[in-house]
Amino acid sequence: MNIPNYTLPDVLASNNGTAIKTSADWENKRRQEILELFAQHVQGKTPQKKIESRIVLRDKNTNALNGRATRKQVRIYFGGDDKHHFDLLIYLPNQSKKKVPVFLGLNFSGNQTVHSDPGIFISDRWVRYGKEPEYVNNVATNASRGIETDQWSVEKILSAGYGLVTMYYGDLQPDSSNSAGAGIAPLFYKPGQMTPESNEWGAIGVWAWALSRAMDFLEKEKAVDAKKVAVIGHSRLGKTALWAGAQDKRFAMVISNNSGEGGAAITRRKYGETSAVMNKSFPHWFSANYKKFDDKEDELPVDYHELIALIAPRPVYIASASEDQWADPTGEYLGGYHAGKVYALYSLKGLETENPPPANQPVGDGHIGYHMRQGIHDITPYDWDQYIRFADRFFK
Ligand code: GCU
């Protein structure tokens, strides 16, 4: 595939052309400009309205996973009814006496998939992917317990002294093209409104909003060190983690696993999936405005190195997989590389060269980490080893 010639928008030139030279210029001016450009043209605006919420502890077991962990399951209701809610599954390592750092991430197929622990409640929500016997008519069965054990590597995370907090993304909005009237979003609509306005959020915005609501909860959890929450996501949920981390500075670290187009990858490269293809297959993910840039990447006022730059000066990790050309591993690396200019304003080190490393050779001993795992589009124990190693540098 040929990569077209392209010029990236200058992350360090403000909308009126003024050069951004210091971290103060960045924070007082440019950061907000870029955030607004993404909100206006790409992910859509996240409503700022606070809605009523209610927390219900559904389960607490201090002797979970053979005594290794404390498991909590919490349901958070929104909008004062029984219909709108998400379910957090929390595992905290019992060996730690202090507050623990945690990884927080949305899962694809229900909390019960992350571990075979029979105490996890099975989600009864609609699931986009999933065949029999684990799912029947898109609803989970008992057979779905633990089917994503490797993807979540719970024991590995706990052994390293971290907690894991996860929730099912379908609790917030079903991942289907006609879902804008379902889930949480309608709680924010004006009377009579059925779908978001063209510059309002899509499903990725809704999912990212929920990560911030989970953060609200974690700030009140005594056993969790809320100053050390790494938000993580794979693929479409990696796109979501980046957007959550860009908007909400309380996330101390952001990890994007194979997020590809609309995530870490430079869209102007038009390599693998393009925004036009993505917006056609998944029209509900981004704002309606984003479709105006289908096949017109060069006219988009931002590119994705700037999404990553919004995370500065907090550490960020980007991972690719060698056989995941659809997500453009080189484009993902370059997204991270070009964000480095903003980290440099803080005298922080980014990625050293414009050339991505070979497979299974993690790079980045500064604030931006990267690896390309040998293999397919997935999140594996190898990836978690790298995330834990990276997180240890900042959180331990
Ligand atoms: C599709 C989609 C990607 C997305 C991926 C995933 O492949 O085209 O943009 O990242 O699904 O979420 O697994």
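For the structure itself, consult the block above.
Reference entry: report on the structure contained in this document.

1. Considering the site of the ligand
Alright, step 1. Taken together, Ser235, Arg236, Lys239, Glu273, Phe282, Trp285, Trp326 and His377 are the residues near the ligand.
Alright, step 2. Within the side chain of Ser235, an N or O atom sits 2.6 Å from an oxygen atom of the ligand.
Alright, step 3. Taken by itself the ligand offers 320 Å² of open surface, and the protein chains cover 82% of this.
Alright, step 4. When the residues that make up the shell around the ligand are grouped by side-chain class, the tally is three nonpolar, two polar and three charged.

2. Some thoughts on the pattern of salt bridges
Alright, step 1. Under the definition given, this model contains 27 salt bridges.
Alright, step 2. A salt bridge links Glu221 to Lys72, with the shortest nitrogen-to-oxygen separation between them at 3.1 Å. Of the two residues, Glu221 is situated in the loop between α5 (203–218) and β8 (224–234) and Lys72 in strand β2 (residues 69–78); the sequence distance between them amounts to 149 residues.
Alright, step 3. The class of Lys72 is buried, set by a relative accessible area of 17%.
Alright, step 4. Across the salt bridge formed by Asp392 and Lys396, the nearest N and O atoms sit 3.6 Å from each other.

3. Topic: the sheet that holds strand β4 (residues 100–107)
Alright, step 1. Within the open sheet, the nine strands sit side by side as β1-β2-β3-β7-β4-β8-β9-β10-β11. Their pairing is mixed. Two strands close off the open sheet at either side, each with one partner strand: β1 (53–63) and β11 (368–373). When strand polarity is set aside, the average angle formed by the axes of neighbouring strands in this sheet is 15°.
Alright, step 2. Both β1 and β2 contribute to a ladder of eight bridges, which runs antiparallel. The partner of Val56 across the bridge, within β2, is Arg75.
Alright, step 3. Running at roughly 140° to β8, helix α6 (residues 236–247) makes contact with β4, β8 and β9 (253–257) of the sheet.
Alright, step 4. Across the sheet, helix α9 (residues 329–345) lies against β10 (316–321) and β11, angled at about 170° from β11, the strand it touches most.

4. Notes on the packing of aromatic side chains
Alright, step 1. Evaluation of the coordinates by the stated rule reveals 19 aromatic pairs.
Alright, step 2. For the ring pair Phe282 and Trp285, a centre distance of 3.9 Å and an interplane angle of 10° mean the geometry is stacked.
Alright, step 3. According to the relative accessible area criterion, Trp285 is buried, its value standing at 3%.
Alright, step 4. Following the ring pairs from residue to residue traces out a cluster consisting of Phe103, Trp152, Tyr162, Tyr317, Trp384, Tyr387, Phe390 and Phe394.
Alright, step 5. Between Arg58 and the ring centre of Phe121, over which it is positioned, the NZ or CZ distance is 4.3 Å.

5. So, the pairing of β10
Alright, step 1. Most of β10 is tucked away, with six of its six residues classed as buried.
Alright, step 2. Side chains Val316, Ile318 and Ser320 project from β10 onto one buried face, and the interleaved Tyr317, Ala319 and Ala321 project onto a second face that is buried too.
Alright, step 3. In terms of strand pairing, β9 meets β10 through four bridges, oriented parallel. Directly across from Val254, in β10, lies its bridge partner Val316.
Alright, step 4. When β10 meets β11, the two strands line up parallel, connected through six bridges. The partner of Ala319 across the bridge, within β11, is His371.
Alright, step 5. A crossover connection joins β10 to the parallel β11 through α9; in handedness this β-α-β unit is right-handed.

6. Focus: α6
Three- or four-residue spacings in an α-helix give side chains the same orientation, since the helix completes a turn every 3.6 residues.
Alright, step 1. Its 12 residues place the ends of α6 17 Å apart at the C-alpha level, agreeing with the 16 Å of an ideal helix rising 1.5 Å per residue.
Alright, step 2. Residues of α6 that are buried: Arg236, Leu237, Gly238, Lys239, Thr240, Ala241, Leu242, Trp243, Ala244, Gly245 and Ala246.

7. Quick look at α9
Alright, step 1. When the local axis directions of α9 are compared, the greatest deviation, roughly 30°, occurs at Ala339.
Alright, step 2. α9 sits mainly inside the fold: 12 of its 17 residues count as buried.
Alright, step 3. Buried within α9 we find Pro329, Gly331, Glu332, Tyr333, Leu334, Gly335, Gly336, Ala339, Gly340, Val342, Tyr343 and Leu345.
Alright, step 4. At its buried positions, α9 is contacted by α1 (23–41), α8 (304–309), β10 and β11.
Alright, step 5. At the exit of α9 stands Ser347, carrying a positive phi of roughly 60°.

Conventions we followed
Numbering of residues starts from 1 in each chain and follows the order in which that chain's sequence is written. With pLDDT at 70 or above as the cut-off, local features in this predicted model cover only qualifying residues; side-chain atom pairs require 80 or more to be listed or tallied, and sums for whole chains, interfaces and linings still use all residues. The basis for the side-chain values is all heavy atoms of the structure; hydrogens and waters are excluded. Throughout this document, a residue counts as near a molecule or strand when at least one of its heavy atoms sits within 4 Å of that molecule or strand. Pairs of N or O atoms within 3.5 Å make up the polar contacts considered here, provided that, within protein, one atom can donate a hydrogen while the other can accept it, and that residues adjacent in sequence are counted only when both atoms are side-chain atoms. For every accessible area listed, the method is Shrake-Rupley and the probe measures 1.4 Å; residues are considered covered only by the protein chains on display. Following the grouping adopted for this structure description, the nonpolar residues are Ala, Val, Leu, Ile, Met, Phe, Trp, Tyr, Cys and Pro, the charged ones are Asp, Glu, Lys and Arg, and the polar ones are all others, Gly among them. A carboxyl oxygen of Asp or Glu within 4 Å of a side-chain nitrogen of Lys or Arg is what we treat as a salt bridge. For the purposes of this entry, the term helix denotes a DSSP run of H or I that reaches at least four residues, the term strand denotes a run of E that reaches at least two, and both are numbered from the N terminus. Exposure is judged per residue with a 1.4 Å probe applied to protein chains only, and the accessible area is read against the type maximum: over 50% gives exposed, under 20% gives buried, and values in between give partly exposed. When DSSP finds at least two bridges between two strands, those strands are taken to pair. As a rule, the C-alpha atoms of each element are fitted with a line to give its axis, helices using only the stretch in contact, and angles between N-to-C directions run from 0 to 180 degrees. Residue contacts follow a heavy-atom distance rule, with two residues in contact if any of their heavy atoms lie within 4.5 Å. Any two of the Phe, Tyr and Trp rings considered here, Trp counted by its six-membered ring, make a pair once their centres fall within 6.5 Å; the pair's planes then place it as stacked at under 30 degrees, edge-to-face at over 60, or tilted in between. For a lysine, the NZ atom is tested; for an arginine, the CZ atom; a charge sits over a ring if that atom is within 6 Å of the ring centre and within 35 degrees of the ring normal. By the criterion used throughout, a crossover qualifies as right-handed when its path from the first strand across the helix to the second strand runs clockwise, the strands pointing away from the viewer. Expected span of a helix, by definition, is 1.5 Å for each gap between consecutive residues, and there is one gap fewer than residues. The quantity called bend is, for any residue, the angle between two axes fitted respectively to the seven residues ending at it and the seven beginning at it.

Any link to function would need more than the numbers given here.
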